[in-house]
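For reference, the chains in residue letters:
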Amino acid sequence: MKGKLQNVRSPLAKRLSEIGEMVMRPIKALSSNQRFWLGFAVLCVVTTLLIHNPWWRAGDPGYRVDDIARETIVAPADINYVDEEATEREREALRESVIPVFAIEQGRAEEAVQNFRSAWELLQRSQENGSSANRANSNAGSSNKWPGAGGEDIGNIFAARKFSTNELDAVTRVLRESASGDIYGDQDAVYLQSEIEVIDRRRPTDSRRVQNPAATMTSVTEARERLVSGLSQIRSLSPKEVDAFKAAMSPLIQPSIIYDASATGMARNNAAKNVPPVTVSLKRGETVVSAGYRITPEIMSKLTAIRNYTSETRQLNRFIGLLMLISSLFWAAWKYIEHRGIVPRLALSEQKTFALFGFIVLVQAMLLAVFFRLAEFTASQNIRPPLNDPTLWSFAVPFAFGSLLMTLLADRRTALFTGLFIALLAGFMAPKGLEFAVYTAIASSVAVYGIGRYRNRQTITIAGALIGLTCAMAAIALIAYTQQPFILNTIMLAVACGLASGIITAAFTAVFMPICESMFGILTDVKLLELSNADLPVLGQLAMRAPGTNQHSHAVGQLAEEACRVVGGNALLARIGALYHDIGKSAAPEHFVENQLGKNPHDKLKPVQSAKIIISHVTYGMKLAREMGLPQRIIDFIPQHHGTRTLHYFLKKAQAEARDADEISENDFRYPGPKPQFREAAIMMIADSCEAAARSLAEPTPENIRFIVTKIIDAIVSDDQLDECDLTLRELTQIREAMIRSLVAIYHTRVDYPGYNPPTTGSFRVSDIEIDSEERGMKYKNPADVPVSPGGEIEDEAFEQKIRAKQQTAVSGD
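Given the structure is predicted, the values throughout are model-derived calculations rather than measurements. (Residues numbered from 1 in each chain as written. Predicted model: local features only at pLDDT ≥ 70, side-chain atom pairs only at ≥ 80, totals over all residues. Heavy atoms only, no water.)

A. A look at the overall build of the protein. Each helix and strand counted, the protein has 30 helices and 12 strands in total. Here the protein, with 814 residues, has 45% of them falling under the buried criterion. In the protein, 79% of the contacts between residues at least 6 apart in sequence involve partners at least 24 apart. When the accessible area of the protein is evaluated, it comes to approximately 42,000 Å², of which 55% is carbon and sulfur surface. (Helix = DSSP H or I, 4+ residues; strand = E, 2+ residues; numbered from the N terminus. Buried < 20%, exposed > 50% of the residue type's maximum accessible area, 1.4 Å probe, protein only. Contact = heavy atoms within 4.5 Å. Areas by Shrake-Rupley, 256 points an atom, 1.4 Å probe, with all protein chains shown as cover.)

As structure tokens, then:
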């Protein structure tokens, strides 16, 4: 099943990949500069749409009748607006004022009498014909069927005896009286409450108005009840016969006054057509309502006119104007980032830094748009103050999100600029622009300067709490500034929303922090500290397989960290980079002098083989770093701390052993590079060589350390290894002094304790040699003998074991 699902998904994924490539192909064809300005244009347009979208339908104006105006509203232009709602209300009122129209049907009583007599005569003839022709027939009973309304069975009752002429006259008289007059249907009673108009369909121009028709007219039900009452008064009729006449005559009583829906609707429509449109006229600058006044229906119509004007008129003009303003602001932001100077913590180009700025501003604009709409919606769902005030709910918007995120990712100057930029956007979007622009600037300033370095995840929580407290106080200040009364409910809601702003800011910052770290390759302090965990597999393997290299890495990190501090570099980045700069040595640790305990494998190898093994620790280290997902900035330390220097002594050894020195290619002995591209990598190169050289000194006195450090730095500078980074000569001097201080502190002379005299052997003291079963590498009495290559490399591995022994004996014999 899993295989089938993969087979189903793979074509879709392949198709999506093809579509993505098709979309990106024209973009990739552009130059980097063209892609930048294309992204700039997209950023401006999207931000403008988030602030004001001319194609969105305008929302509710925010007020209802009987609400209290929260601010003074002034007409933005001369407005002539046809209020369709008010016009329709007047038309509907006029329609309702038109009286119902009824049609009268003359002669209903005579028609009922005639129908009854016709049915009676048919019954009589049927009885006569049946008795004379079919008296003996068994079906003779069929001649008693009643042909009229009321059912066939009542014919048997009428046929049971012969009714006299007087009885029939009395019955028809009761029917005529009951069916006479104005009779209406029970279903039309709802239209007879006040006044009606009665017209004769045969003479449409002949009409009359009837006041209180329900009192002067009779319903069908009442007329039929009157029929039953009249029939009951005929004494010669039995109850059974009364019921039979009732059944036969009641359906014959029909309304003579009938509601004419068509005529009524026509009259009402004709009346509504004569209603002129209700027009609202406003002059530019006219005050529609002042703050604190009640919204009346008339004012509501004017507010609707303003809302429709702003939503339907000149929307494109406003969008273009806003787009120009936003583009100008982003251009100013680009120029600021382009000329802001070097940011040690942010190892990004100016264009990538602006991309980070644009991404943060775009996310912030989305949050502002969503939360402002949410504040309006929440206020609209409440009718009691202060819960119906969207301004108070807007205090909960995470205004400080952008500046806090930029503070943690970059530097404070860029973060403060980001906060002020967002304050301007908030001014465009907030219900009270100026007040919320100030509110945003205050919250952003606290986010920038209210926290320390980002060294643990709790920093975001602490920053959120501090921002929340500041926003709560700023909310109270704005309430006082706008001269609103200090009501307990208002203050509590404002404080709660201010605190919520801090919490929401911290939450969104925690979510987008790793996203930005991954998208832009930014190494925050927390990320770097996570990489310093000794339990990570690569560091654990290095400590186990190459303990000398591991010790060397920690020592180099200490030197580089101190040097970065004095020149304003990223000290933590340098220290963590030092932990990983030699991880490639774990593949063949015994081929590096710091891991050797006497034997040197290079004694049995050709120089070119030795050079290949030593250089391969760079390529293998980069491969290992990529496999474990190290950030690119950390990976850069691995090749750049060696630069493009050559293994000078191995090269000379190979040339000496070759028949023709020209047969030896220098490229086989050169590190792949590149040269250090940033100051931390350059400091790493210096620290790496200085630590190895100081470890090789038999007597690491301050004078010897100064000599060797100066020699190494001069060699590196002479080899042009620092040409591609931004270190100055002044900073190199500061780095040199920092290296000397750190190395002197690490390799300080031991104190002679009183009463203890070390034993002597021959002409030298045992204390002249540091006895250590773990001693690795060679010791040089004279710092000038330390094998420093022309590029500043320490190449102990190039010397054979017997040469090392002589060197060691020389040290012992001094």
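B. Highlighting the packing of aromatic side chains. All told, the structure shown has 39 aromatic pairs when counted by the stated rule. With a centroid separation of 6.0 Å and 20° between ring planes, the pair formed by W120 and F245 is classed as stacked. Taken together, the positions of W120 in helix 4 (residues 108-133) and F245 in helix 9 (residues 239-249) put the pair 125 residues apart, joining distant regions of the chain. This pair shows no difference in class: W120 is buried, exactly as F245 is. Here Y336 and F417 contribute two aromatic rings whose centre-to-centre distance is 4.4 Å and whose plane-to-plane angle is 10°, an arrangement assigned as stacked. Of this pair, Y336 sits in helix 12 (residues 315-338) while F417 is found in helix 16 (residues 412-429), placing the two residues 81 residues apart along the sequence. (Phe/Tyr/Trp six-rings, centres within 6.5 Å; stacked < 30°, edge-to-face > 60°.)

C. Expanded view of the side chain of T509. On the secondary structure map, T509 appears in helix 19 (residues 488-520). Take T509: its relative accessible area is 0%, and that puts it in the buried class. Within the structure, T509 has its side chain in polar contact with the backbone oxygen of T505 (distance 2.6 Å). Once residues lying within four places of it in the same chain are set aside, the contact partners of T509 are F401, L404, L405, L408 and I460. (Polar contact = N/O pair within 3.5 Å; in protein donor to acceptor, adjacent residues only side chain to side chain.)

D. Here's a closer look at the nonpolar core. Counting residues in each nonpolar core, the largest one holds 73 residues, and the members touching the most others are Y580, I634, V709 and M739. Broken down by element, the residue count for this core peaks at 11 residues, all from helix 27 (residues 679-696). If near-sequence neighbours (up to four positions away) are discounted, M739 is found in contact with L559, A563, I683, I686, A687 and V709. (Core = buried A, V, L, I, M, F, W, Y, C linked by side-chain atoms within 4.5 Å.)

E. Structural detail: the side chain of S178. Relative to the assigned elements, S178 resides in helix 6 (residues 165-179). Given the relative accessible area of 2%, S178 is considered buried. Reaching out from S178, the side chain makes a polar contact with the backbone oxygen of V174 at a distance of 2.8 Å. Apart from the residues lying within four places of it in its own chain, the contact partners of S178 are I183, A223, R226, L227 and I253.

F. Structural view of the packing of helix 13 (residues 350-380) against helix 15 (residues 401-409). Between helix 13 and helix 15, the least distance of the axes is 9 Å, while the angle of their chain directions is 155°. With respect to their mutual orientation, helix 13 and helix 15 come out roughly antiparallel. Our pair here, helix 13 against helix 15, has a crossing hand that is right-handed. Each of L356, F357, I360, V363, Q364 and L367 in helix 13 lies in contact with helix 15, whose residues at this interface are F401, G402, L405, M406 and L409. (Axes fitted to C-alpha atoms, helices over the stretch in contact; angles between N-to-C directions. Parallel < 35°, antiparallel > 145°, perpendicular 65-115°, else oblique. Left-handed = near helix turned anticlockwise from the far one by under 90°.)

G. The pairing of strand 2 (residues 79-82), seen in detail. Only one face of strand 2 is covered, namely the face carrying I79 and Y81; the face carrying N80 and V82 is uncovered. Summarising the sheet, strand 2 and strand 9 (residues 279-282) pair through four bridges and their orientation is antiparallel. Looking at strand 9, one finds that I79 is bridged to L282. (Pairing = 2+ DSSP bridges.)

H. Representation of the pattern of salt bridges. Under the definition given, this model contains 23 salt bridges. Notably, a salt bridge pairs D169 with R117, separated by 3.8 Å at the nearest N-O pair. Of this pair, D169 sits in helix 6 while R117 sits in helix 4, and the two are 52 residues apart along the sequence. Classification of D169 by relative accessible area gives partly exposed; the value is 35%. A salt bridge links R209 to E195, with the nearest nitrogen and oxygen atoms 3.4 Å apart. Of the two residues, R209 sits in strand 6 (residues 203-211) while E195 sits in strand 5 (residues 195-200), which places them 14 residues apart along the sequence. Here R209 falls in the exposed class, since its relative accessible area comes to 55%. Classification of E195 by relative accessible area gives buried; the value is 17%. One network of salt bridges, in which partners are shared, links E561, E562, R565 and R575. (Salt bridge = Lys/Arg side-chain N within 4 Å of Asp/Glu carboxyl O.)

I. The arrangement of a nonpolar patch on the surface in detail. On the surface, a cluster of nonpolar side chains totalling about 410 Å² of accessible area is made up of L434, V438, I442 and Y481. Broken down by element, the residue count for the nonpolar patch peaks at three residues, all from helix 17 (residues 433-449). For Y481, the location among the structural elements is in helix 18 (residues 458-481). Y481 gets classed as exposed once you look at its relative accessible area, which sits at 55%. (Patch = residues over 30% accessible without salt bridge, like charges linked within 9 Å, V, L, I, M, F, W, Y side chains within 5 Å.)

J. Examining the packing of helix 15 against helix 16 more closely. One can describe the packing of helix 15 onto helix 16 by two numbers: an axis separation of 8 Å at closest approach and a directional angle of 165°. With respect to helix 16, the axis of helix 15 lies roughly antiparallel. Here the hand of the crossing between helix 15 and helix 16 comes out right-handed. On helix 16, the residues touching G402, S403, M406 and T407 of helix 15 are R412, T414, A415, T418, G419 and I422. Of the residues belonging to the contact of helix 15 with helix 16, the class tally is three nonpolar, six polar and one charged. (Nonpolar A, V, L, I, M, F, W, Y, C, P; charged D, E, K, R; others polar.)

K. Inspection of the confidence of the model for the protein at higher detail. Predicted confidence across the protein gives a mean pLDDT of 83, with 86% of residues reaching 70 or more. Residue range residues 1-9 is modelled with pLDDT below 50. Its contacts to residues more than four positions away, or to other chains, number zero contacts. In the model, residues 801-814 has pLDDT below 50 throughout and makes 26 contacts with residues more than four positions away in sequence or in other chains. (pLDDT = per-residue confidence, 0-100.)

L. Highlighting helix 8 (residues 220-232). Across its 13 residues, helix 8 extends 19 Å between first and last C-alpha, which sits within 8% of the 18 Å expected from 1.5 Å per residue. For helix 8, the set of buried residues is V220, A223, L227, G230 and L231. The buried side chains of helix 8 occupy one side of the element, clustering within an arc of 95° when seen end-on. Elements that come into contact with the buried residues of helix 8 comprise helix 6, strand 4 (183-184), strand 7 (218-219) and helix 9. (Expected span 1.5 Å × (residues − 1). Arc of directions from axis to C-beta.)

M. How the structure looks around unusual backbone geometry. Here the residue pair P385 and P386 is connected by a cis peptide bond, since its omega of 0° sits within 30 degrees of zero. One non-glycine residue with positive phi stands out, namely N212, at about 50°. Mapped onto the elements of the fold, N212 is located in the loop between strand 6 and helix 7 (213-216). For N212, a relative accessible area of 42% gives the class partly exposed. Notably, D720 is not glycine yet its phi reads approximately 60°, a positive angle. Turning to its location among the elements, D720 is positioned in the loop between helix 28 (702-718) and helix 29 (729-746).

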